[in-house]
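What follows is the residue order along each chain.
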Amino acid sequence: MLLLLIIIFAWALVLVFVAWFALKTECSFLSRGPLAAIWHKLWHVTGIWAQKPTLCALAIALTVVALRLLALPFLPVPEPRVHDEVSYLLAAETFASGHLTNAPHQLWPFFEFEHILVKPTYMSKYPPAQGLLLACGMLMGHSWIAVLLSFGCMCAAIFWMARAFQPTRWAMLAALLPLAYPGIASYWCNSYWGGTIAASAAALVFGACARLSHGLTLRNCLVLAAGMILVLNSRPFEGLVAVLVPLSFLLNWLFVSRRAEKTAVKITAIVAPLAILLTAFAAMLYSNHCITGSALQLPYAAYHRQYSRLPLWLGLPLGTEPLVFNNPQLQAFALDELQKFNKLQSPSGWLDCMLNERLVTAFNFFIGIWFVPLAGAALLSLSDRRMRVLWLSVAAVTLALGTEVYFQRHYLAPMAPPLYVLLVQGFRHLRLLKMKDLPVGLAIARLILTLIFFGFVYGLVILPETGKKQRELYQAFPGPRNKIMKMLSALPGKHLVIVRYAPHHDTGCEYVYNNADIDASKVVWARDLGAKNHQLLTYYRVRKVWFLQADAAPEPRLCDFNDAVAK
């Protein structure tokens, strides 16, 4: 928090100096010289593109994808590192194989993994949107292909949304802001656990609601339905909090405002999207039934009930059902979550968590050092009537953030599109500010854009260093597991690896996860459960059995299971 305040103060000094210099020179540097010529040319070019919005949206998406592909020599295709990614990839493999879930394994205690249900069925606990996205990538050759395309589509969706609130020129700027923050080097574009789908869904809902408030059309109603379906199947809680605001404004216009259209027009535009929404909702209930055995029980809730007594929101009581852990890793993971929860119970702990762990983290991720002036300028749009719905939505999500027990930066994805539009709207106000009839605001605005551009270029320049750090992380983990997997995959026959962890094993470095069809896998990974291991040996008697000491120094030690038992 202190560092953030220092950055804000430094920016304030810079902008005050620019304003003083503009007044001192009577803004002569704005109207002539090479810098002014560049800005005039850029304004002209964006005006040409603004006349072709569809082509512009496509160009934005392709630009984002092309930039990330050009960075491949420095930032290679990412590998899954965290539990959530493995869970989403399990869902992707399941969907790609044409199934909604997988049958439970009869030896499921050996295959328990964070964020994955092993009973009553074997499946990811998360909503299906991200898994379906990754499944499309698998069908195209690799899951990351879909991640990359989704980042480009998110920027295009923000452009489409922003055009409902701003002129096309400025919508282009709003769509390109994600290139700087979170950026093509962020985990939104270099991992498998989401962010882009929820942001795209929110953009579709905001854009559709804004357009529908001027007149009902079937196309915009269909877009609204698609956005709502994606919201419900990606980040249902934060997403609903974000989109309930524009939906409320739209419903007020439809049923209260005197400008509401005739009933016949309402029915024509609403029936088909409503039918799609109801069908999607029925499909969600059916999916819940297949995975958890109950149409009204989400996989997330089923997993949480099995492995945690913590509530999902503050103020709710702890669970009373006793928990049974078959291995110490899941128990350690639950204890770590309990410590974080206990911190949230005191006012000081909650405040520290909100300020330093959530708000500052979110600010660094979406605003960063270069967007600080835009964030300040955004306050100038508070009086804009059209921006009211965006401000209320951002405020609602921020308040909802304080009620949740768990937090990750992609939880705020539904807030990203309105946030980018507000940043640009504030920038539009800033550039119109005058002092003594001199366009001081224009000088400051051009400086801000110039620095943002150089900040983006600097991010590209340091990509080799960013990629080096990423490779070092991969070498630490999952490097050892991948090395063993590659070795065993090259050997004939099928294999079983029984993994033993040290008492204080890092739960973030998990070796025991498998494909959707465990028994069909060439290499099966299982937990060491001591005396119960004979069940594994009997079940997989035709496999070559290995024993892995995951925490052996200086590196994990793999040996023949019989040799390990003999010792």
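Worth saying up front: this structure is predicted, and the values here are computed from it rather than measured. (Residues numbered from 1 in each chain as written. Predicted model: local features only at pLDDT ≥ 70, side-chain atom pairs only at ≥ 80, totals over all residues. Heavy atoms only, no water.)

**So, the nonpolar core**
Right, so step 1: Formed by 128 residues in total, the largest nonpolar core has its most connected members in Phe111, Phe165, Trp188, Leu390 and Leu536.
Right, so step 2: Of the residues forming this core, the biggest block, 11 residues, is contributed by helix α7 (residues 143-162).
Right, so step 3: In terms of nonpolar packing, the next biggest core, distinct from the first, is built from 18 residues, Ala208, Val223, Leu224 and Trp253 among them. (Core = buried A, V, L, I, M, F, W, Y, C linked by side-chain atoms within 4.5 Å. Buried < 20%, exposed > 50% of the residue type's maximum accessible area, 1.4 Å probe, protein only. Helix = DSSP H or I, 4+ residues; strand = E, 2+ residues; numbered from the N terminus.)

**Some words on unusual backbone geometry**
Right, so step 1: The residue after Phe477, namely Pro478, is reached through a cis peptide bond having omega 15 degrees.
Right, so step 2: Residue placement: Pro478 occurs in the loop between α20 (463-476) and α21 (479-490).
Right, so step 3: The omega torsion of the bond from Ala553 to Pro554 falls at 0 degrees, within 30 degrees of zero and hence cis.
Right, so step 4: The residue Pro554 is located in the loop between β5 (544-549) and β6 (557-560) in this model.
Right, so step 5: Of note in the backbone geometry, His115 takes a positive phi value of approximately 70 degrees without being a glycine.
Right, so step 6: Along the chain, the position of His115 falls in the loop between α5 (83-96) and β1 (116-117).
Right, so step 7: The exposure class assigned to His115 is buried, which follows from its relative accessible area of 7%.

**Examining the packing of aromatic side chains**
Right, so step 1: Evaluated as defined, the whole model comprises 18 aromatic pairs.
Right, so step 2: Summarising the aromatic geometry, the rings of Trp188 and Phe366 are spaced 5.7 Å apart at their centres and angled 75 degrees between planes, so their arrangement reads as edge-to-face. Of this pair, Trp188 sits in the loop between α8 (168-176) and α9 (196-212) while Phe366 sits in helix α15 (residues 347-366), placing them 178 residues apart in sequence.
Right, so step 3: Ring pairing ties together the aromatic residues Tyr187, Trp188, Trp193, Phe365 and Phe366, which thus form one cluster.
Right, so step 4: Arg481 extends its terminal NZ or CZ atom over the ring of Trp525, reaching a point 4.4 Å from the ring centre. (Phe/Tyr/Trp six-rings, centres within 6.5 Å; stacked < 30°, edge-to-face > 60°. Lys NZ or Arg CZ within 6 Å of the ring centre and 35° of its normal.)

That's the geometry; what it means functionally is another story.
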